[in-house]
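Residue strings, one per chain:
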Amino acid sequence: MLDPRRRRALVVLAAVQFMLVLDIAAVVVALPKIQVDLHFSRAGTAWVINGYVLMAGGFLLLGGRLSDMFGRRRLFLAGVLVFGAASVACGAAVSSSMLVAGRFVQGTGEALAGPAALGMIPVLFPDSRERVRALGVWFTISGIAGASGSVLSGALTSVDWRWIFYLNVPVVVFAVHAVPRVLPESRMAREGHRIDLPGAVTATSGLVAVVYGLLQMASYSWESWQVLLPLLGGVALLAIMVVMETRSPDPLIPMRFFANRTRVTANVLSMVTWAVFVGYIVMLNTYMEQVLHYSPLRTGLLDLPVSAIPAGIVLGTRLMPRFGVKAVLATGYLGGAAGLWIASYIHVGSSYIGAILPGMIVFGGFSGLCYPGLISGALHQVTGQDSGLASGVQNAMQQIGAALGLAVLVTLALRYTQHRVQAGVLPAIAQTDGYALAFRVSAAALAVAGVFVVLVFPTLHLRA
């Protein structure tokens with residue numbers, strides 16, 4: 001039984017985790033309404049999500065390092081305050097640029113608060129059995145937030161989408177009041193450790209430039225300077241970052257981390273997984289609201305079957321010891337590809353039960369099989385010293401994959417929509433055709449990932 005003080009500390013950490021996960025799920029449902037109210041272009045709408053995940057992913061490892069060096073409680077509190085202030089700015093946004101700027105700052109807040117919060121779990125619960133229970137609460141809260149976020153967002157967006165951001169304020173006030181009272185300070189020894197700020201800034205700037213270039217392809221040809229300049233500039237910044245990291249005495253990601261093929265492969269697959277998942281959810285919600293004219297509340301409720309993902313995670317966890325990680329991963333990716341291919345058979349008059357629900361369940365269930373294997377691969381043969389690094393790298397790859405995937409898939413759908421409209425097709429039909437094409441490309445990406453697992457992913461068996 002946990003003592004009352006640590007139980008209260010876990011409640012505070014879980015409440016903030018709930019807020020961070022809920023925010024992402026809520027924004028996805030509200031996105032079509034935000035697009036209309038703030039006059040976003042269709043490509044520009046992607047920045048409402050990409051601005052957040054790029055900053056969260058790009059500065060995640062730096063946030064973890066800062067929390068280790070300067071105090072996890074201090075960085076946690078700073079991150080929560082930054083996130084709360086940015087939430088208020090997002091809710092009060094009067095223009096698309098103001099909202100996107102607020103989302104960039106929100107992502108920075110998560111990059112500070114997220115690693116610090118997770119890093120305090122081992123400090124609060126040094127006993128392994130208590131730690132497992134605490135982490136179980138942590139991930140259960142995350143699952144509840146993800147599942148309830150779409151419904152809650154639908155209800156709030158039906159009144160005013162700004163409330164999905166104002167909802168964060170009470171949680172922030174609660175955390176600011178409770179953190180100094182229930183969370184102890186903890187940090188590692190600072191000797192010999194430097195802050196690799198140039199590496200984090202260069203990496204994030206490069207990713208932002210690449211994503212911007214990809215989204216510009218929705219309006220310009222790929223050989224235009226509007227596309228090539230940010231793409232080439234972003235690639236150059238990323239190359240500079242790699243050179244800087246190889247020469248840094250204390251890099252964000254030591255080069256020895258990439259010596260393990262299993263970990264590297266798992267992180268590449270994580271990028272693909274999140275690229276496809278976020279692209280599918282965003283475009284599916286936009287299709288239901290803008291083409292089928294579902295209300296935000298109805299859309300949020302109809303998103304619930306994607307909760308087949310947790311069922312897939314549970315099944316994958318049980319199957320891996322018996323059949324091995326490779327077999328379960330390959331099955332998950334190939335089954336997920338089948339689900340997205342089924343989902344691509346949508347049209348302007350599709351029924352939810354006949355056209356949307358089957359693909360959602362198949363994709364959700366099979367993709368859920370992949371997550372335990374990806375986590376096992378990302379943490380394969382890590383030492384206690386590198387466990388935080390390995391976890392942080394995987395989380396960062398998920399965020400980066402989400403941003404890159406959304407940029408590519410949205411651009412692909414928009415360009416095909418424009419092509420169909422120019423050919424005389426009605427806009428609603430053309431928009432649906434664009435989403436269907438993006439779903440099929442996503443299915444192909446998962447199928448390739450499945451083959452990649454079979455050919456490249458090392459054999460990895462877990463004990464039952």
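Now for a quick tour of the structure. Within each chain, residue numbers correspond to sequence positions counted from 1 in written order. Per-residue local features are limited, in this predicted model, to residues with pLDDT of at least 70; the limit for side-chain atom pairs, both in listing and counting, is 80 or more; totals at the level of whole chains, interfaces and linings are taken over all residues. Hydrogens and water molecules were not included; the side-chain quantities draw on all heavy atoms of the structure.

## Considering a nonpolar patch on the surface
Quick note on the threshold: What makes a patch is a set of residues exposed beyond 30% relative accessible area and free of salt bridges, joined within 9 Å when like-charged and within 5 Å when nonpolar (Val, Leu, Ile, Met, Phe, Trp, Tyr). Each accessible area is a Shrake-Rupley estimate made with a 1.4 Å probe; only the visible protein chains count as cover when residues are assessed. Every case where a carboxyl oxygen of Asp or Glu lies within 4 Å of a side-chain nitrogen of Lys or Arg is listed as a salt bridge. Under the scheme used here, helices are H or I runs from DSSP no shorter than 4 residues and strands are E runs no shorter than 2 residues, and both carry numbers assigned from the N terminus. A simple rule labels every residue: compare its accessible area, found with a 1.4 Å probe on the protein chains alone, to the largest value its type can have, and call it buried under 20%, exposed over 50%, or partly exposed in between.
On the surface, Ile 195, Leu 197 and Val 201 cluster together to form a nonpolar patch covering roughly 220 Å² of accessible area. Checked against the element boundaries, Val 201 lands in helix H9 (residues 197-216). The class for Val 201 is partly exposed, based on a relative accessible area of 35%.

## Observations concerning the packing of aromatic side chains
To keep things clear, this is the line we draw: We call Phe, Tyr and Trp rings a pair once their centres come within 6.5 Å, taking the six-membered ring for Trp, and we label the pair stacked below 30 degrees between planes, edge-to-face above 60, and tilted otherwise. By the criterion adopted, a ring carries a charge over it if an Arg CZ or a Lys NZ lies within 6 Å of its centre and within 35 degrees of its normal.
Applying the stated criterion across every chain, the model contains nine aromatic pairs. Between Tyr 52 and Phe 83, the ring centres sit 6.4 Å apart and the planes meet at 85°, which makes this aromatic pair edge-to-face. Pair noted here: Tyr 52 is in helix H2 (residues 42-58) and Phe 83 is in helix H4 (residues 72-91), with a separation of 31 residues, a long-range link. Comparing Tyr 52 with Phe 83, the two get one shared label, buried. On the numbers, 5.5 Å between centres and 75° between planes, the contact of Trp 163 with Tyr 166 is edge-to-face. One end of the pair is Trp 163 and the other is Tyr 166, both in helix H7 (residues 163-166) and three residues apart, which spans about a single turn. In this structure Tyr 166 comes out as partly exposed when scored by relative accessible area, which is 26%. Looking at Arg 298, its charged tip hangs above the ring of Tyr 294, at a distance of 3.9 Å from the centre. Its guanidinium or amino end placed over the ring of Trp 341, Arg 440 lies 5.6 Å from that ring's centre, counting from NZ or CZ.

## Topic: helix H1 (residues 4-37)
Applied cut-off: What a helix should span is 1.5 Å times the count of its residues minus one. Bend, at a single residue, is the angle you get between axes fitted to the 7 residues ending at that residue and the 7 residues starting at it.
In this model, H1 (34 residues) spans 46 Å end to end at C-alpha, consistent with the 50 Å of a helix rising 1.5 Å per residue. A maximum bend of about 55° is found in H1 at Ala 30, where proline Pro 32 lies one to four positions downstream.

## Some points on unusual backbone geometry
A positive phi angle, close to 55°, is found at His 39, a residue other than glycine. Mapped onto the elements of the fold, His 39 is located in the loop between H1 and H2. Even without a glycine there, the phi angle at His 293 is positive, about 60°. The topology assignment puts His 293 in the loop between helix H11 (261-291) and helix H12 (296-302). The exposure class assigned to His 293 is exposed, which follows from its relative accessible area of 63%.

## Some thoughts on the pattern of salt bridges
Counted under the stated rule, the structure contains three salt bridges. Between Lys 33 and Asp 37 there is a salt bridge, with the nearest N and O atoms lying 3.1 Å from each other. Here Lys 33 and its partner Asp 37 are both found in helix H1, four residues apart, which amounts to about one turn of the helix. On the accessibility criterion, Lys 33 (33% relative accessible area) is partly exposed. Taking the shortest distance from any N to any O, the salt bridge between Arg 420 and Asp 433 comes out at 2.8 Å. Remark: Asp 433 occurs in helix H17 (residues 427-456) and Arg 420 occurs in helix H16 (residues 387-422); sequence separation between them is 13 residues. Taking the relative accessible area as the measure of exposure, Arg 420 reaches 26% and is therefore partly exposed.

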